[in-house]
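Listed here are the chains, written in short residue letters.
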Amino acid sequence: MRHPLSGILSLLYPAKCVACRRSGAWLCAECLQRCTPFGGARCAKCGSAGGSYDCSTCRVYIRNLDGLRAAFEYAGPVRPLVHAFKYRNMSGAAEWMAGQMIPTELTSAREDDVLVPVPMHPSRQRNRGYNQAAALCGAIRERTGLPMALALQRAHLREAQARLSAEQRWINVHGAFAPGASAIEGRVLLIDDVCTTGATLEECARVLKLMGAAQVTALVFARA
Ligand SMILES: [Zn+2]
Ligand SMILES: [Zn+2]
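Residues numbered from 1 in each chain as written. Chains lettered and ligands numbered in written order. Predicted model: local features only at pLDDT ≥ 70, side-chain atom pairs only at ≥ 80, totals over all residues.

Chemist: Which residues make up the overall build of the chain, and what values do they have?
Modeler: Each helix and strand counted, the chain has 9 helices and 6 strands in total. Scaling as 2.2 N^0.38, a compact globule of 224 residues should have a C-alpha radius of gyration of about 17 Å, and the chain matches this with 17 Å. The principal-axis extents of the C-alpha atoms in the chain amount to approximately 45 × 40 × 35 Å. In the chain, which comprises 224 residues, the share counted as buried stands at 40%. Contacts spanning at least 24 positions in sequence make up 71% of the contacts within the chain whose residues lie at least 6 apart. (Helix = DSSP H or I, 4+ residues; strand = E, 2+ residues; numbered from the N terminus. Rg over C-alpha atoms; globule rule 2.2 N^0.38 Å. Buried ≥ 20, exposed ≤ 12 C-beta atoms within 10 Å, placed from the backbone. Contact = placed C-beta atoms within 7 Å.)

Rendered as structure tokens:
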């Protein structure tokens, strides 16, 4: 794997571990060991803890999302990493994070697979400098050669999901996305940095299915 510190940027901005501040990498080897790989007793459809497939959350809320894969659990040193990536314009970490997100079977991806990032509202993107989901999506495209489509856009600026309760998130996100392209075909790999309840991903999947997607599987860096 190519080291994320390659290139001139590393001379200007030497990476520091986001969890312990040690110099050398976004996440040092010691802190990386304390990260929990995603897995165990998880719902294969929405990624909730405690289910196997079509869990109690799925039965109430999930109608369109077909599956979810994550690199890590959103816990331990993964939390400050995701936070720094979101709020401190740490776009240089995208390549490393994308490498962690790509499941082995993607190397034999089907021809009709297409990568779609969860969009960010333009005003929020102006404040933050970049859309972290699009940065991850671009890095995954580089590594897999799969096409990427900006198939979704934000319909309205909503209250940030992070400030809302789990229940409120499902209500707040409804209607938040609109088609950003005329149509989409085949199997969509929906890319985001973190999934907390699945509300955002399900709403994106709903719009993508209306646009013609046959299947929508989410690929995220971390799942709560
Ligand atoms: Zn560390
Ligand atoms: Zn589920």
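Chemist: Account for the pairing of strand 1 (residues 67-73), with residues named and values stated.
Modeler: Among the 7 residues of strand 1, 5 are classified as buried, and the element is accordingly described as predominantly covered. Pairing geometry for strand 1 and strand 6 (residues 215-223), over 6 bridges, is parallel. Bridge pairing in strand 6 links A70 to V220. (Pairing = 2+ DSSP bridges.)

Chemist: Please set out unusual backbone geometry residue by residue, giving values where relevant.
Modeler: The backbone phi angle of R21 is positive, close to 70°, even though this residue is not glycine. The topology assignment puts R21 in the loop between helix 1 (9-12) and helix 2 (29-33). With 9 C-beta atoms counted inside 10 Å, the residue R21 sits in the exposed group. For D54, which is not a glycine, the phi torsion comes out positive at approximately 55°. Mapped onto the secondary structure, D54 falls in the loop between helix 2 and helix 3 (56-61). Looking at D54, the number of C-beta atoms within 10 Å reads 13, which means it is partly exposed.

Chemist: Explain the sheet that holds strand 1 residue by residue, including any values.
Modeler: The strands making up a sheet associate through hydrogen bonds between their backbones, and the pairing can be parallel or antiparallel. Taken together, the 4 strands give an open sheet; going across it, the order is 1-6-5-2, and neighbouring strands pair in parallel fashion. Where the open sheet ends on each side, the last strands, each with one partner, are strand 1 and strand 2 (113-117). Neighbouring strand axes in the sheet, compared pairwise and without regard to direction, differ in orientation by 20° on average. For strand 5 (residues 187-195) and strand 6, the ladder comprises 8 bridges, and the chain directions are parallel. Each bridged residue has a counterpart across the sheet, and for L190 the counterpart in strand 6 is A218. This element, helix 7 (residues 132-144), spans strand 2, strand 5 and strand 6 of the sheet and lies at about 130° to strand 5. The sheet contacts of helix 9 (residues 199-210) involve strand 1, strand 2, strand 5 and strand 6, and relative to strand 5 the element is tilted by about 160°. (Axes fitted to C-alpha atoms, helices over the stretch in contact; angles between N-to-C directions.)

Chemist: Can you lay out helix 7 for me, pointing to particular residues and giving the numbers?
Modeler: Structurally, the α-helix is built with 3.6 residues per turn, so residues lying three or four positions apart point the same way. Here helix 7 is 13 residues long and its end C-alpha atoms lie 18 Å apart, about the 18 Å a rise of 1.5 Å per residue gives. On its buried face, helix 7 is in contact with helix 4 (78-87), helix 5 (94-101), strand 2, strand 5 and strand 6. At the C-terminal side of helix 7, G145 shows a positive phi close to 80°. (Expected span 1.5 Å × (residues − 1).)

Chemist: So, the nonpolar core: which residues are in play, and what are the values?
Modeler: L136, L190, I191, L208, F221 and A222 are the most contacted members of the largest nonpolar core, which totals 67 residues. Among the elements that make up this core, the one with the highest residue count is helix 7 (7 residues). Sequence-distant contacts of I191, defined by excluding residues within four places in its chain, comprise L115, V116, P117, V118, A133, L136, C137, I140 and L219. (Core = buried A, V, L, I, M, F, W, Y, C linked by C-beta atoms within 7 Å.)

Chemist: Explain the packing of helix 5 against helix 7 to me, and be specific about the residues and the numbers.
Modeler: Where helix 5 contacts helix 7, the axes come no closer than 8 Å and their chain directions differ by 65°. When the axes of helix 5 and helix 7 are compared, the pair comes out roughly perpendicular. Taken as a pair, helix 5 and helix 7 cross one another with a handedness that is right-handed. The residues of helix 7 that touch helix 5, namely those facing A94, E95, M97, A98, G99 and M101, are A135, L136, A139, I140 and R143. When the residues that make up the contact of helix 5 with helix 7 are grouped by side-chain class, the tally is 8 nonpolar, 1 polar and 2 charged. (Parallel < 35°, antiparallel > 145°, perpendicular 65-115°, else oblique. Left-handed = near helix turned anticlockwise from the far one by under 90°. Nonpolar A, V, L, I, M, F, W, Y, C, P; charged D, E, K, R; others polar.)

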